[in-house]
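Structure assessment
Chain residues, written in single-letter form:
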Amino acid sequence: MNEGEMLFIKVPASTANLGPGFDSIGLALNLYLTLEVVRSDCWEVIPLTDELKEFPQDERNFIVKTAIEVAESFQTILSPCEIKVASNIPLARGLGSSASAIVAGIELADQVGDLRLTKQEKFEIASKMEGHPDNVGASLFGGLVIGCQLGEEVDAETIHSIDLEVLAVIPEEELLTKSSRGVLPSTLSFGEAVSAGAISNLLVAALLSGNLELAGKMMKKDKYHQPYRKELVPHLQILEEQAYELGAYGVALSGAGPTVLCFVRPGEMNALIEGLTPLLPEMCFLPLEIDKEGSLCTGAIVTDA
Ligand SMILES: Nc1ncnc2c1ncn2[C@@H]1O[C@H](COP(=O)(O)OP(=O)(O)OP(=O)(O)O)[C@@H](O)[C@H]1O
Ligand SMILES: N[C@@H](CCO)C(=O)O
């Protein structure tokens with residue numbers, strides 16, 4: 001990168017699982033982590049939004065650490081940069097903040113280190129780092145992503161033709177993914193695994209065919225994680241009981257929670273918010289749409305070579 005040149009990186013938020021698509025289904029959402037990158041003498045991260053001020057502002061920052069680690073795995077040393085970071089993705093709320101930071105780090109390594117990675121290569125690296133492909137796949141590709149990670153191998157199909165409107169119901173309290181995975185069982189019986197897989201398969205088919213009632217029905221029937229996480233996220237039960245009555249066709253825990261997503265038809269958002277606000281007055285209600293583009297890098301880059 002020549003002096004004075006600036007690189008912009010934009011990575012969308014995401015929701016994972018959509019109920020039964022545990023560790024497999026991701027949907028990109030229109031909240032963003034953005035980076036403005038210029039060459040500097042040392043690594044410096046300048047947070048432009050308040051929530052990011054708690055993180056280290058040098059090479060210990062998670063995004064920078066990720067970038068350095070990725071570049072090193074390709075025997076590349078990154079030249080230091082000054083990075084202005086902004087984000088409207090709530091942290092540790094189930095909206096893929098850690099996945100967006102990982103994807104931003106990979107994009108940073110790719111651009112500054114001139115690694116020339118393909119999207120698939122970025123997806124493989126990101127899935128390995130995050131441990132599952134759902135959030136990172138959505139943040140990279142945009143749209144609805146159905147992924148499968150088996151050991152080192154990771155595959156995905158991306159669907160951009162689906163339009164969904166969602167209401168994110170976001171509590172004030174954080175819930176770390178690590179804690180929320182801690183309440184999950186270590187095994188399911190063969191019979192439970194078969195029905196959990198069938199529910200997930202039918203969710204995908206219903207989303208693809210536009211049968212939204214059926215998709216919503218399958219979200220509620222998840223057997224992989226929501227029944228266990230309800231103890232940590234009591235408002236999931238309240239929303240499952242009330243949101244359908246108020247016009248939503250689906251309700252699902254967003255990723256590891258604590259955010260819950262209500263899926264609504266166009267034109268029905270306001271009535272849903274009005275109906276839910278008195279029931280959960282302490283929550284933030286945020287209408288969201290699907291991001292169709294995934295991560296984007298713009299700006300001129302000239303490498304050291
Ligand atoms: N922009 C960022 N810069 C540095 N660290 C970040 C950033 N975004 C997220 N993180 C790290 O990721 C943690 C949150 O990750 P976690 O997996 O628990 O939740 P999430 O990704 O927001 O939710 P989910 O995985 O359920 O969608 C934060 O507490 C922080 O340590
Ligand atoms: N599939 C993951 C998403 C959160 O990282 C989970 O539900 O734990």
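Residues numbered from 1 in each chain as written. Chains lettered and ligands numbered in written order. Predicted model: local features only at pLDDT ≥ 70, side-chain atom pairs only at ≥ 80, totals over all residues.

**Quick notes on the overall build of the protein chain**
What the protein chain contains, in helices and strands, is 10 helices and 11 strands. Taking 2.2 N^0.38 as the reference for a compact globule, 305 residues should give roughly 19 Å; the C-alpha atoms of the protein chain span a radius of gyration of 20 Å, in line with that estimate. Counting only C-alpha atoms, the protein chain reaches 60 × 40 × 35 Å along its principal axes. Counting over 305 residues, the protein chain shows a buried share of 46%. When contacts within the protein chain are restricted to residue pairs at least 6 apart in sequence, long-range pairs at least 24 apart make up 72% of them. (Helix = DSSP H or I, 4+ residues; strand = E, 2+ residues; numbered from the N terminus. Rg over C-alpha atoms; globule rule 2.2 N^0.38 Å. Buried ≥ 20, exposed ≤ 12 C-beta atoms within 10 Å, placed from the backbone. Contact = placed C-beta atoms within 7 Å.)

**Points about the UniProt feature "binding site: ATP" (unreviewed entry) in the protein chain**
Look at the UniProt record and you will see "binding site: ATP" (unreviewed entry) annotated at Pro90, Leu91, Ala92, Arg93, Gly94, Leu95, Gly96, Ser97, Ser98, Ala99 and Ser100. Positionally, Leu91 belongs in the loop between strand E4 (81-87) and helix H2 (97-112). Since 15 C-beta atoms lie within 10 Å of it, Leu91 is described here as partly exposed. Apart from the residues lying within four places of it in its own chain, the contact partners of Leu91 are Glu51, Ser97 and Glu174. Position of Ser98 relative to the elements: it lies in helix H2. (UniProt positions renumbered as here; feature names shortened; annotations may be inferred.)

**What to know about the site of ligand 1**
The local shell around ligand 1 holds 22 residues, among which Ser97, Ser98, Thr177, Gly255 and Ala256 are the closest. Elements with a minimum of two residues in the shell around ligand 1: helix H1 (62-73) and H2. Here the shell around ligand 1 gets 4 residues from one element, more than from any other, and that element is H2. Tallied by class, residues from the shell around ligand 1 come to 13 nonpolar, 8 polar and 1 charged. Inspection of the shell around ligand 1 shows a minimum of three residues originating in each of domain 1 (7-160 + 291-298) and domain 2 (165-289). (Near = placed C-beta within 6 Å. Nonpolar A, V, L, I, M, F, W, Y, C, P; charged D, E, K, R; others polar. Domains from an automatic or database assignment.)

**Side note on helix H7 (residues 212-220)**
Buried residues of H7: Ala215, Gly216, Met218 and Met219, and no others. Looking straight down H7, one finds its buried side chains confined to an arc of 160°; they lie on one side. Looking at the buried positions of H7, the neighbouring elements they touch are helix H6 (190-209), strand E8 (250-253) and strand E9 (260-264). (Arc of directions from axis to C-beta.)

**Some thoughts on the domain arrangement of the protein chain**
Per the domain assignment, the segments of the protein chain are domain 1 (7-160 + 291-298) and domain 2 (165-289). Taken residue by residue, the interface counts 22 residues in domain 1 and 31 residues in domain 2. At 5 residues, the largest contribution of residues to the side of domain 1 that touches domain 2 is made by strand E2 (residues 21-39). Of the residues belonging to the side of domain 1 that touches domain 2, the class tally is 13 nonpolar, 8 polar and 1 charged.

**Notes on the nonpolar core**
Ranked by internal contacts, the top residues of the largest apolar core, which has 80 residues, are Ala67, Val103, Ala104, Leu108 and Cys262. The greatest single-element share of this core, amounting to 9 residues, is contributed by H2. When residues are assigned to domains, this core turns out to be shared by domain 1 (7-160 + 291-298) and domain 2 (165-289), each giving three or more. Apart from the residues within four sequence positions on either side, Ala104 is in contact with Ile9, Val11, Leu33, Leu35 and Ile63. (Core = buried A, V, L, I, M, F, W, Y, C linked by C-beta atoms within 7 Å.)

**Describing the sheet that holds strand E10 (residues 284-289)**
Reading across from one edge, E8-E9-E7-E10 is the order of the 4 strands in this open sheet, with antiparallel pairing throughout. Since the sheet does not close on itself, it has two edges, and those belong to E8 and E10, each with one partner. On average, adjacent strands in this sheet sit at an angle of 25° to one another, irrespective of strand direction. Looking at chain direction, E8 and E9 are connected through 4 bridges and run antiparallel. Each bridged residue has a counterpart across the sheet, and for Gly250 the counterpart in E9 is Phe263. Docked against the sheet, H7 engages E8 and E9, running at close to 35° with respect to E8. (Pairing = 2+ DSSP bridges. Axes fitted to C-alpha atoms, helices over the stretch in contact; angles between N-to-C directions.)

**Considerations on the site of ligand 2**
The immediate surroundings of ligand 2 are formed by Ala16, Asn17, Phe22, Asp23, His132, Asp134, Asn135, Thr177, Arg181, His225, Gly255 and Ala256. The set of elements that each furnish at least two residues to the shell around ligand 2 consists of strand E1 (7-17), E2, helix H4 (134-141) and helix H5 (177-181). For the shell around ligand 2, the per-class residue count stands at 3 nonpolar, 6 polar and 3 charged. Formed jointly, the shell around ligand 2 draws a minimum of three residues from each of two domains, domain 1 (7-160 + 291-298) and domain 2 (165-289).

**A short note on the pairing of E2**
Judged from the 11 bridges that link them, E1 and E2 form a sheet pairing that is antiparallel. Bridging from a neighbouring strand, Asn17 pairs with Gly21 of E2. With antiparallel pairing between neighbouring strands as the criterion, E1 and E2 make up a hairpin whose turn holds 3 residues, including Leu18 at a positive phi of roughly 50°. Of the pairings in the sheet, the one linking E2 to strand E5 (residues 144-150) comprises 3 bridges and is antiparallel in character. Bridge pairing in E5 links Leu27 to Leu144.

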